[in-house]
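In case you want the letters, here they are:
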Amino acid sequence: MFSCSFVCPKGGGEGLTTRNIKIQAWTLVSALRQVAAAAAAVLFVLPLWLVLVASLRRPGLPPSPSIEWLPLAPVWTNYQRIFALVPLAQYILNSIVVVVVAVPITLIIASWAGFAMSQLGARWRRVLLVLAVVLQMVPSTALWLTRYVLFIYLSLTDTLWTLIAPAFMGTSPLFVLLFYWTFRRLPQEMIASARVDGAGALQLWAVIAMPLARPTILSVGVLAFVHYWSDFINPLLYLKSQRYYTLPIGLQFLQQMDRTNWPLLMAASVVMIAPVVLLFLVAQRYFWLEGRLSGFGGR
C-alpha cells in the first residue's frame with residue numbers, strides 16, 4: 001500500500017509530462033508551419049506590391065535606383081491615361097468574351113474526356129494516358145502552322161473563335177489528366193450501383209462525378225482562365241483587325257509607344273494581373289477540399 005501510493009502517481013505524472021511534451025512539440029511545429037506559410041506568401045505578394053507602387057509614380061520617371069515600399073506621391077491618373085492612349089476597354093471586353101466562352105467549354109470537354117478515360121479498361125486506359133503525356137510534351141510552336149491552315153480552311157481567321165477553338169479540344173492534355181486522376185479516385189462501387197439503376201454515361205458524369213470533383217473543377221477553371229486571359233501568341237498569329245485584339249496585345253502596344261515610360265507600363269500590368277489575383281483569392285479556399293476526396297476508395 002505504501003509503495004503503491006508513490007509508484008502510481010509517479011507513472012501518471014510521467015504520462016502527463018509526455019502528453020505535455022507532445023502538445024508543445026505539435027504547437028511548435030504548427031507555429032513553424034505558419035511562419036513558413038507567411039514567408040512564402042510575402043515572397044509571392046511582394047513583387048505584386050512593388051508593381052503596384054511603381055504604377056503610381058509620376059509618368060516619365062525612370063525606374064527607382066532603390067526599392068520604393070510606398071508611393072510618395074501616388075499618381076492615380078496613370079490608369080486613366082493608359083485607357084486614353086490605347087483602347088484597352090475594347091481589348092478587355094474581347095478578353096472577357098474569350099474567357100467567358102472558352103473556360104466553360106474547357107471544363108465540359110476536359111471532364112468528359114477524363115471521365116471516359118477513368119471508366120475504360122486497364123489496357124485502353126494506359127494507351128490514352130501515354131497519348132496524353134506525349135501530347136503534353138509537344139511544343140506549342142509545332143501547332144502554329146497546322147492551326148493556321150485549319151483556321152483558314154474553316155474561315156475562322158481574324159475572329160475571336162480562333163482563340164476559343166482550343167477549348168473544344170480541352171485546351172490542354174494536362175486538364176484531361178487532372179480530371180482523370182480525380183475521377184479514378186472516386187468510389188467505383190457508387191458508379192457501378194448507379195449503372196445497375198439504369199444511369200447512363202452523361203447521368204453518371206453530371207450527377208455523381210462532377211459534384212465530387214468541385215476542387216478539380218475550380219483548379220482547372222483557374223488554370224484555363226489564366227491561359228486564355230494572358231494568351232499573347234495566338235491573338236498575334238490569327239488576328240488582323242484591331243477590334244478583335246485582346247488585353248495582352250494592348251500591353252504590347254503601350255510598350256511599343258514608349259518603352260521607357262515605366263509607370264504607365266506598370267499600370268497596364270496591374271490591370272492585367274488584377275483579375276487573376278482576385279480570382280485566385282476567391283477560389284483558393286476551395287482548393288483545400290481536394291484533400292477530402294483523397295480517402296475515397298483508398299485511392
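Our structure is the block above this text.
Structural notes, computed from the coordinates. (Residues numbered from 1 in each chain as written. Predicted model: local features only at pLDDT ≥ 70, side-chain atom pairs only at ≥ 80, totals over all residues. Heavy atoms only, no water.)

## Remarks on a nonpolar patch on the surface
Okay, step 1: Residues Val130, Leu131, Val133, Val134, Leu135, Met137, Val138 and Leu143 make up a contiguous nonpolar surface patch of roughly 680 Å² in combined accessible area.
Okay, step 2: Tallying contributions element by element places helix H4 (residues 122–137) first for the nonpolar patch, with 6 residues.
Okay, step 3: Here Val138 shows up in the loop between H4 and helix H5 (141–153). (Patch = residues over 30% accessible without salt bridge, like charges linked within 9 Å, V, L, I, M, F, W, Y side chains within 5 Å. Areas by Shrake-Rupley, 256 points an atom, 1.4 Å probe, with all protein chains shown as cover. Salt bridge = Lys/Arg side-chain N within 4 Å of Asp/Glu carboxyl O. Helix = DSSP H or I, 4+ residues; strand = E, 2+ residues; numbered from the N terminus.)

## Notes on the packing of helix H3 (residues 88–119) against helix H9 (residues 201–209)
Okay, step 1: Where H3 meets H9, the closest approach of the two axes is 11 Å, and the angle between their N-to-C directions is 105°. With respect to their mutual orientation, H3 and H9 come out roughly perpendicular. Here Ser111, Trp112 and Phe115 of H3 come into contact with H9, specifically with Ala201, Leu202, Leu204, Trp205 and Ala209.
Okay, step 2: Within the contact of H3 with H9, the residues separate by chemical class into 7 nonpolar, 1 polar and no charged. (Axes fitted to C-alpha atoms, helices over the stretch in contact; angles between N-to-C directions. Parallel < 35°, antiparallel > 145°, perpendicular 65-115°, else oblique. Contact = heavy atoms within 4.5 Å. Nonpolar A, V, L, I, M, F, W, Y, C, P; charged D, E, K, R; others polar.)

## Quick notes on the packing of aromatic side chains
Okay, step 1: Under the criterion given, the structure shown has 9 aromatic pairs.
Okay, step 2: Centroid distance Tyr245 to Phe253: 5.7 Å. Interplanar angle 65°. Geometry classified as edge-to-face.
Okay, step 3: Members of the aromatic cluster, each reached through a chain of ring pairs, are Tyr91, Tyr245 and Phe253. (Phe/Tyr/Trp six-rings, centres within 6.5 Å; stacked < 30°, edge-to-face > 60°.)

## Notes on empty space enclosed by the protein
Okay, step 1: Following the criterion strictly, the structure yields 1 cavity of 30 Å³ or more and no others.
Okay, step 2: A volume near 30 Å³ is recorded for the largest cavity. (1 Å grid on protein atoms, 1.4 Å probe; cavity = no way out; pocket = protein on both sides within 12 Å on 5 of 7 lines; lining within 4 Å. Points joined across faces, edges and corners; volume = space filled by probe spheres on them.)

## Comments concerning the side chain of Asn234
Okay, step 1: With respect to the helices, strands and loops of the structure, Asn234 is situated in helix H11 (residues 233–238).
Okay, step 2: Aside from chain neighbours lying at most four places away, what touches Asn234 is Arg147, Leu163 and Leu239.

## Here's the deal with the layout of surface pockets
Okay, step 1: A volume near 920 Å³ is recorded for the largest pocket.
Okay, step 2: Around the largest pocket, the lining is made up of 33 residues, and of these Leu143, Arg147, Thr171, Ser172 and Pro173 lie nearest the centre.
Okay, step 3: Put simply, the parts of the chain that give the lining of the largest pocket at least two residues each are H3, H4, H5, helix H7 (173–184), helix H10 (214–229) and H11.
Okay, step 4: When residues in the lining of the largest pocket are grouped by element, the largest group, 6 residues, is from H5.
Okay, step 5: Taken together, the residues of the lining of the largest pocket sort by class into 23 nonpolar, 8 polar and 2 charged.
Okay, step 6: One number sums up the size of the second largest pocket: a volume of about 500 Å³.
Okay, step 7: Along the wall of the second largest pocket there are 16 residues; nearest its centre are Val45, Leu48, Ile273, Val277 and Leu281.

By themselves these figures say nothing about function.
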